[in-house]
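Next come the chains, spelled out residue by residue.
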Amino acid sequence: MDQTTSQRILVVDDNSEAADISGELLELHGYRTAVAYSGLTGLEAVRTFEPHAVLLDLGMPGMDGYQVAAALRAVPDFDHVALIAFTAWGDVVTRQRVIDTGFDAHVIKPANLDRILGAVREALMARAQLCDSAG
């Protein structure tokens, strides 16, 4: 059995079609997924779905991806959750802000499936190592 089958990935994106497709593709590769269409509902879903990783759009109205990430990183209970910025923004300022906010990976849209899957795997491993060394 593939190790990913027990790993939960939350996709948070205000573009519902993009969120749904991303979730479906991740499910086809053995992950359990849930989808949220705003930052606030994404935060609620982290509490209820308890994901191992969150694929998080940055540019959302209301609560953006940076605010969601900062809120999650402020709560020790969510230290183990890998955060992947999933956005069309790839400029130097965005890349630095992603790092400063506590994301584990940054994927620029449009991204092919291999890039998304690779980023999820890398972020999960990096976050697990970080938590192991801290604990």
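Bear in mind that the values here come from a model prediction, so they are computed numbers and not experimental data. (Residues numbered from 1 in each chain as written. Predicted model: local features only at pLDDT ≥ 70, side-chain atom pairs only at ≥ 80, totals over all residues. Heavy atoms only, no water.)

## Re the pattern of salt bridges
Inclusion rule: By convention in these notes, a salt bridge is any Lys or Arg side-chain nitrogen within 4 Å of a carboxyl oxygen on Asp or Glu. The secondary structure listing takes helices from DSSP runs of H or I that are at least 4 residues long and strands from runs of E that are at least 2 residues long, numbered from the N terminus. Relative accessible area decides the class of each residue, using a 1.4 Å probe on protein chains only: under 20% of the type maximum gives buried, over 50% gives exposed, and in between gives partly exposed.
Tallying each qualifying case throughout the model produces 4 salt bridges. Where D104 meets R127, a salt bridge forms, and the shortest distance between an N and an O atom there is 2.9 Å. Residue D104 is found in the loop between helix 4 (92–101) and strand 5 (105–108), and its partner R127 is found in helix 5 (residues 113–134); the two are separated by 23 residues along the sequence. Under the relative-accessibility criterion, D104 is labelled partly exposed at 24%. Salt bridges linked by common partners bring D13, D57 and K109 together as one network.

## A short note on the pairing of strand 2 (residues 32–36)
Just so we agree on the cut-off: In short, DSSP must find at least two bridges between two strands for them to pair. Here the term right-handed applies to a crossover when the path leading from its first strand over the helix to its second strand runs clockwise, the strands being oriented away from the viewer.
When strand 1 (residues 8–12) meets strand 2, the two strands line up parallel, connected through 5 bridges. By the bridge assignment, V12 is partnered in strand 2 with A36. Running through helix 1 (residues 16–28), the crossover from strand 1 to the neighbouring parallel element strand 2 is right-handed.

## Re helix 5
Here is the rule we go by: A helix is expected to reach a length of 1.5 Å times the quantity of its residues less one. Residue contacts follow a heavy-atom distance rule, with two residues in contact if any of their heavy atoms lie within 4.5 Å. Polar contact is the term for a pair of N or O atoms within 3.5 Å; when the atoms are in protein, one must be able to donate a hydrogen and the other to accept it, and sequence-neighboring residues count only if both atoms are side-chain atoms.
With 22 residues, helix 5 should reach 32 Å at 1.5 Å per residue; the first-to-last C-alpha distance of 31 Å fits that figure. The complete set of buried residues in helix 5 reads I116, L117, G118, A119, V120, A123, L124 and R127. Of the surrounding secondary structure, the elements contacted by the buried residues of helix 5 are strand 1, helix 1, strand 3 (53–56), helix 3 (65–73), strand 4 (82–87) and strand 5. Sitting at the amino-terminal end of helix 5 is N112, which places a side-chain oxygen 3.2 Å from the backbone nitrogen of D114.

## Comments concerning the packing of helix 2 (residues 39–49) against helix 3
What counts here: Axes here refer to lines fitted to C-alpha atoms; in helices the fit is confined to the stretch in contact. Angles between the N-to-C directions go from 0 to 180 degrees. For classification purposes, an angle smaller than 35 degrees is called roughly parallel, one larger than 145 roughly antiparallel, one from 65 to 115 roughly perpendicular, and anything else oblique. By convention, the crossing between two helices is left-handed when the near helix turns anticlockwise from the far helix through less than a right angle, and right-handed when the turn is clockwise.
Where helix 2 contacts helix 3, the axes come no closer than 9 Å and their chain directions differ by 30 degrees. The pairing of helix 2 with helix 3 is recorded here as roughly parallel in orientation. Like other packed secondary-structure pairs, helix 2 and helix 3 cross with a definite hand, here right-handed. Of the residues in helix 3, those touching helix 2 at G39, L43 and V46 are V68, A71 and L72.

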